[in-house]
Amino acid sequence: QPQVMESGGGLVQSGGSLRLSCAVTGASLDHVGIGWFRQIPGKEREGVSSIRGGTGLTTYADSVKGRFFISGDKQQNTIYLQMNNLEPEDTGLYNCGVLLRIPRKAGTLDVADFGSWGPGTQVSVFS
């Protein structure tokens, strides 16, 4: 079973940037899809971006399109989420998860398709 570990969160001013990392063990990026999700207390986990193994198909939530970019480094077996022009609404605990099943939609941000969550990394954006 693949496992993941997130890092790279922090406190940043509105308009700033952060790069999150999701280190994957137990599977090659060629064979595993990864999704980034975020959650704030009292709200459901929200899909941010995902990347499919093999095809490299990327998907973004409307709220982050043009600001966030997902990519993979096969040598490091790590998925990155570059977050630019951050807004206070981007604040949350960011988790990456492994795509555990073939989704109905090729580019999925459905939390039910993912699992093996890491502990998360906190992103806090202040205005």
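Described in the following lines is the structure provided in the data block. Keep in mind the model is a prediction, meaning the values are calculated, not measured. (Residues numbered from 1 in each chain as written. Predicted model: local features only at pLDDT ≥ 70, side-chain atom pairs only at ≥ 80, totals over all residues. Heavy atoms only, no water.)

### Overview of the nonpolar core
Here is step 1: Within the largest apolar cluster, 26 residues are counted, with the highest numbers of intra-cluster contacts made by Ile 34, Trp 36, Leu 81, Met 83 and Tyr 94.
Here is step 2: Among the elements of the structure, strand S3 (18-25), strand S4 (34-39), strand S5 (46-51), strand S7 (68-73), strand S8 (78-83), strand S9 (92-99) and strand S11 (121-126) are those that each provide at least two residues to this core.
Here is step 3: Among the elements that make up this core, the one with the highest residue count is S3 (4 residues). (Core = buried A, V, L, I, M, F, W, Y, C linked by side-chain atoms within 4.5 Å. Buried < 20%, exposed > 50% of the residue type's maximum accessible area, 1.4 Å probe, protein only. Helix = DSSP H or I, 4+ residues; strand = E, 2+ residues; numbered from the N terminus.)

### Remarks on the sheet that holds strand S1 (residues 3-7)
Here is step 1: What the 4 strands build is an open sheet, ordered S1-S3-S8-S7; its pairing is antiparallel. In the strand order of this sheet, the two ends are held by S1 and S7, each with one partner. Going across the sheet, the axis of each strand differs from the next one's by a mean of 20 degrees, ignoring polarity.
Here is step 2: Bridge analysis of S7 against S8 gives 6 bridges, and the strand direction is antiparallel. Bridging from a neighbouring strand, Ile 70 pairs with Leu 81 of S8. (Pairing = 2+ DSSP bridges. Axes fitted to C-alpha atoms, helices over the stretch in contact; angles between N-to-C directions.)

### Quick notes on the state of the cysteines
Here is step 1: In this structure the tally under the stated criterion is 1 disulfide.
Here is step 2: Each sulfur of the disulfide joining Cys 22 and Cys 96 lies 2.1 Å from the other. For the disulfide bridge between Cys 22 and Cys 96, the dihedral angle about the S-S bond is near 85 degrees, and by the sign convention the bridge is right-handed. Residue Cys 22 is located in strand S3, and its partner Cys 96 is located in strand S9; the two are separated by 74 residues in the primary sequence.
Here is step 3: Judged by relative accessible area, which is 0%, Cys 22 ranks as buried.
Here is step 4: Cys 96 sits in the buried class, given a relative accessible area of 0%. (Disulfide = S-S within 2.5 Å.)

### Some details on the pattern of salt bridges
For side chains of opposite charge, pairing can occur when their charged atoms come near one another.
Here is step 1: Summed over all chains, the structure comprises 7 salt bridges.
Here is step 2: The residue Lys 74 makes a salt bridge to Asp 30 at a minimum N-O spacing of 2.7 Å. In this pair, Lys 74 is assigned in the loop between S7 and S8 and Asp 30 in the loop between S3 and S4, connecting sequence segments 44 residues apart.
Here is step 3: For Arg 67, the salt bridge identified is with Asp 90, shortest N-O distance 2.8 Å. With Arg 67 in the loop between strand S6 (58-60) and S7 and Asp 90 in the loop between S8 and S9, this pair connects stretches of sequence that are 23 residues apart.
Here is step 4: Its relative accessible area of 8% is what places Arg 67 among the buried residues.
Here is step 5: Residue classification places Asp 90 among the buried residues on the basis of a relative accessible area of 1%.
Here is step 6: Within this structure, Arg 38, Glu 46, Arg 67, Glu 87 and Asp 90 form a network of salt bridges that share partners. (Salt bridge = Lys/Arg side-chain N within 4 Å of Asp/Glu carboxyl O.)

### Concerning the environment of Gly 92
Here is step 1: Within the fold, Gly 92 resides in strand S9.
Here is step 2: Each C-alpha atom of the pair Gly 92 and Ser 124 lies 6.5 Å from the other, and the pair is 32 residues apart in sequence.
Here is step 3: Once residues lying within four places of it in the same chain are set aside, the contact partners of Gly 92 are Gln 39, Ile 40, Thr 121, Gln 122 and Val 123. (Contact = heavy atoms within 4.5 Å.)

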